[in-house]
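Listed here are the chains, written in short residue letters.
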Amino acid sequence: MSDDERRDDDWFESAVQSEPEDDTDADDTEREESTDAERDDGPFEDADGDSPFGDAGGDSPFGDAGGDSPFGDAGGDSPFGDAGGDSPFEDAGGDSPFGDAGGDSPFDESGGDGLFDDDFASAFESAGDPGGGGGADFEDEDFDSDIPRIDVGIDGLDRMIQGGIPRRHLLVTIGSAGTGKTTFGLQFLHHGLQNGESCVFITLEQSHEAIMDTADDRGWGFEEYEAEGRLAVIDLDPVEMANSLDNIRGELPDLIEDFGADRLVLDSVSLLEMMYDKPSKRRTEVFDFTRSLKDAGVTTMLTSEANEDNPYASRYGVIEYLTDGVFILQYVRSETRETRLAVEIQKIRNANHSRETKPYEITMDGISVYQQANIF
């Protein structure tokens, strides 16, 4: 067995430490211009070719003047009707859903109550002190559901989610540098460990020692959980992971099942996405990887860098569409130019949640959301 194959086989157990190889295939971004001959062989042939629309005497799917066109001729039964038919798009005297010149069009700009008449508020307001007023308290409501649910483990944030996150969901936390994405993931695992669950933390950014030190500084006792066999902290090089992704994707469900993992964190998926230059390749690889995590039956939290131009989107704008829940961590600045951290739940499938933007802080105890305060 070669060294590369041996590394692929034991990536989970030994937390790959090898240097990234330089033989990563580069995507060919050069496109060849099509020739005139190639254009002639297109799906729309000339009169001599087998065009799907046929020639003048062929059996066109749209029919000739005397054929049974699905749109009908002047006297046919067109679904859109002739001049005297019942068209769904009536003339000025009909009941058109878009209205006539004097109708109530939802897009009417003549002074009516259009959908887009009002401007959006733009001013930021100070969030106030922790525990202060300014926002509606989240009522504890009974949430009737047969889906097993868990808490994230972050004070205030769990109150924003009625009934908890459905177990085995795939979640992502999106934020720019310094918003606490790694802390968010570690706190998510710590809550599970406190409740007797088994957890896995895969980092593509930091070393095993750095992750353990961060947790120990907060008094979360990761070394003890690791000694008990309920926690696995694995540091992987993103290039190594990209090169071995097929093997990892195939082995991961079985390894998670053997370990008995209930929660898993990958920090961060952006570094994995970065390994692929072509958007189509990136989408395919990330989709297949997230699907393998879903098949593994583990509740997974991914972290992702925010887009430089849009704090509400991930770096590549892909992962938020592949996950069941999205948390947005961002910086906001009030009129007094005071910078605050704020969290927003963008979506959670199969769960009711608050749409408010709430301030939070990062302390030595972890992340704490101020549920009584508002950003806006």
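Quantities reported herein were computed from a predicted structural model and do not represent experimental measurements.

### Some points on helix α5 (residues 208-217)
Here is step 1 of the chain: Ile211, Met212 and Ala215 are the residues of α5 that are buried. Mapping the buried residues of α5 onto a view down its axis gives an arc of 95 degrees, with all of them on the same face.
Here is step 2 of the chain: A positive backbone phi angle near 70 degrees is found at Gly219, which sits one or two residues after α5.

### Side note on the pairing of strand β12 (residues 358-363)
Here is step 1 of the chain: Strand direction decides the pairing type here: strand β10 (residues 339-348) and β12, joined by three bridges, are antiparallel. Each bridged residue has a counterpart across the sheet, and for Ala342 the counterpart in β12 is Pro359.
Here is step 2 of the chain: What sits between the antiparallel neighbours β12 and strand β13 (residues 366-369) is a turn of two residues.

### With respect to the pattern of salt bridges
Here is step 1 of the chain: Counted by the stated rule, this structure contains 11 salt bridges.
Here is step 2 of the chain: One salt bridge connects Arg263 with Glu197, and the closest N-O pair in it is separated by 2.7 Å. Taken as a pair, Arg263 in strand β7 (residues 263-267) and Glu197 in the loop between α4 (181-194) and β5 (199-203) lie far apart in primary sequence, 66 residues in all.
Here is step 3 of the chain: Note that Glu285 and Arg249 form a salt bridge whose closest N and O atoms lie 3.2 Å from each other. With Glu285 in helix α10 (residues 279-296) and Arg249 in helix α8 (residues 245-259), this residue pair connects regions lying 36 residues apart in the sequence.

Parameters at a glance
Per chain, residues are indexed from 1 in the order of the written sequence. With the structure being a predicted model, the display of local features is reserved for residues of pLDDT at least 70 and the display and counting of side-chain atom pairs for 80 or more, all residues being used for whole-chain, interface and lining totals. Side-chain measures were taken over the full set of non-hydrogen atoms in the model, leaving aside hydrogen atoms and water. Think of it in three bands: with a 1.4 Å probe and only protein chains considered, a residue is buried below 20% of the maximum accessible area for its type, exposed above 50%, and partly exposed in between. Note on conventions: DSSP H or I runs of at least 4 residues are helices, E runs of at least 2 residues are strands, and numbering of each starts at the N terminus. Here the arc refers to the directions that run from the helix axis out to each C-beta atom. Two strands pair under a simple rule: DSSP has to find at least two bridges between them. The working definition used for a salt bridge is a side-chain nitrogen of Lys or Arg within 4 Å of a carboxyl oxygen of Asp or Glu.

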